[in-house]
Amino acid sequence: MADIGWDPAGLERLADEGEALHRLAVLSAIGLGTPHDPPLALERLRRAADLGHATAVDSLALLDAESGGLEAWFRPPAPRRVSEQPHVLLADGFVSPAICDWLRGRAEPHLTRAEIYDPVSGAGRPDPVRTNTAFAFDLAATDVALVLVRERIARLAGLPVPGLEPCQVLRYTPGQKFDWHVDFLDPAVPGHRDDLARSGQRIATCLIWLNDDFEGGETAFETGDQRFRGRKGDAILWANVTPNGAADPLTRHAGLPPTAGEKWILSQWMRPRAPLHG
Ligand SMILES: O=C(O)CCC(=O)C(=O)O
Ligand SMILES: [Fe+2]
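Conventions and cut-offs
- Residues numbered from 1 in each chain as written.
- Chains lettered and ligands numbered in written order.
- Predicted model: local features only at pLDDT ≥ 70, side-chain atom pairs only at ≥ 80, totals over all residues.
- UniProt positions renumbered as here; feature names shortened; annotations may be inferred.
- Helix = DSSP H or I, 4+ residues; strand = E, 2+ residues; numbered from the N terminus.
- Rg over C-alpha atoms; globule rule 2.2 N^0.38 Å.
- Buried ≥ 20, exposed ≤ 12 C-beta atoms within 10 Å, placed from the backbone.
- Domains from an automatic or database assignment.
- Contact = placed C-beta atoms within 7 Å.
- Pairing = 2+ DSSP bridges.
- Expected span 1.5 Å × (residues − 1).
- Axes fitted to C-alpha atoms, helices over the stretch in contact; angles between N-to-C directions.
- Near = placed C-beta within 6 Å.
- Nonpolar A, V, L, I, M, F, W, Y, C, P; charged D, E, K, R; others polar.

- Per an unreviewed UniProt entry, the chain is named 2OG-Fe(II) oxygenase, and its organism is Brevundimonas goettingensis.
- Turning to the chain, the UniProt annotation filed under Cofactor (unreviewed entry) states: "L-ascorbate".

What follows is the structure, encoded as structure tokens:
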């Protein structure tokens, strides 16, 4: 069957078909090629579910079970500060355990070896520094629940949704790690310059713990030898830049290896704006 694509006008013409309605729901949840309209996204999701679209049925049931509706969803409680230098915040119970299981399940079939940014070319490549597996969600794997989680993260951070990079689910089996690194892009590194000009600095990082039945595996910061580990559904958020916007070397951190069990997290890197084109 020919791919129906992601053009909203084309999808509108097919709008009585479950897959087209699901795609339209995702697009209006994001605001991609069509106005950002979460209530309309939920309405379209409901129509896709009525037509039996499996992801629509499951994600709608998940969202219907969340209390408070969109209003509460988009107003996450203020996080509490757990470190001043670097600037680290924790949000307890940021998402429900059911949302955690959903995100993990959506990523699991797609996991591949995680990559790092090559400092010279700016392209991704595997490296012994990062031995875990990961999946960065593309549009095809995106669903309305994921989009709403991303918007909740943006609101927690007070940053614009269009600046969110594709989010990743990371899985670490015992011994796997994301060794000491910084998330900001170094303006002195040639391979980072184009990216910085296009999208701006990676000013903040948010992680959500998707499970907690593992040992070790803390998120560690070199500064002050600080280690953090939340419960399933908690989020940690930190600024990769100082208040004046300069890359902050005190944010050097690592995902330490779990010693038993698997660690699953969602990782969201954030820029100040959408990439510029042209
Ligand atoms: O797994 C962790 O605790 C750290 C992940 C991380 O550093 C990142 O996603 O940038
Ligand atoms: Fe990181």
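1. Notes on the overall build of the chain
And then number 1: Of regular secondary structure, the chain possesses eight helices and 16 strands.
And then number 2: Taking 2.2 N^0.38 as the reference for a compact globule, 278 residues should give roughly 19 Å; the C-alpha atoms of the chain span a radius of gyration of 19 Å, in line with that estimate.
And then number 3: Considered along the principal axes of its C-alpha atoms, the chain spans approximately 55 × 45 × 35 Å.
And then number 4: When each of the 278 residues of the chain is scored for burial, the buried share is 36%.

2. Focus: the domain arrangement of the chain
And then number 1: Taken domain by domain, the chain comprises domain 1 (8–65) and domain 2 (77–270).
And then number 2: Distance from the C-alpha centre of domain 1 to the C-alpha centre of domain 2: 27 Å.
And then number 3: Opposite the 12 residues of domain 1 that make contact, domain 2 presents nine residues.
And then number 4: Secondary-structure elements contributing two or more residues to the side of domain 1 that touches domain 2 are helix H2 (18–30), helix H3 (38–50) and helix H4 (54–64).

3. Some remarks on the pairing of strand S13 (residues 235–239)
And then number 1: Counting buried positions along S13 yields four of five residues, so the element is predominantly enclosed.
And then number 2: When strand S2 (residues 88–91) meets S13, the two strands line up antiparallel, connected through four bridges. Bridge pairing in S13 places Leu90 opposite Ile236.

4. Comments concerning helix H7 (residues 144–157)
And then number 1: Over its 14 residues, H7 runs 20 Å from end to end, which matches the ideal 20 Å to within 8%, given 1.5 Å per residue.
And then number 2: H7 sits mainly inside the fold: 13 of its 14 residues count as buried.
And then number 3: At the C-terminal side of H7, Gly158 shows a positive phi close to 70°.

5. Quick look at the sheet that holds strand S14 (residues 253–255)
And then number 1: Here we have four strands laid out as an open sheet, ordered S8-S14-S11-S12, and antiparallel in their pairing. Both edges of this open sheet fall to strand S8 (178–181) and strand S12 (226–228), since each of them pairs with a single strand only. Looking at each pair of strands side by side, their axes are set apart by 15° on average, direction ignored.
And then number 2: Across two bridges, the pairing between S8 and S14 is antiparallel. Bridge pairing in S14 links His181 to His253.

6. Things to note about the sheet that holds strand S7 (residues 168–172)
And then number 1: The strand order S1-S2-S13-S9-S16-S7-S6-S3 describes an open sheet built from eight strands, whose pairing is antiparallel. Bordering the open sheet on either side are strand S1 (80–83) and strand S3 (112–113), each of which pairs with just one other strand.
And then number 2: Packed onto the sheet, helix H6 (residues 97–107) meets strand S6 (133–136), S7 and strand S16 (263–270) and runs at close to 85° relative to S7.
And then number 3: Against the sheet, H7 engages S2, strand S9 (204–209), S13 and S16, with an angle of about 125° to S9.

7. With respect to the site of ligand 1
And then number 1: All residues adjacent to ligand 1 are Leu170, Phe178, Asp183, Thr205, Leu207, Thr219, His253, Gly255, Ile265 and Ser267.
And then number 2: For the shell around ligand 1, the residue count by class is four nonpolar, five polar and one charged.

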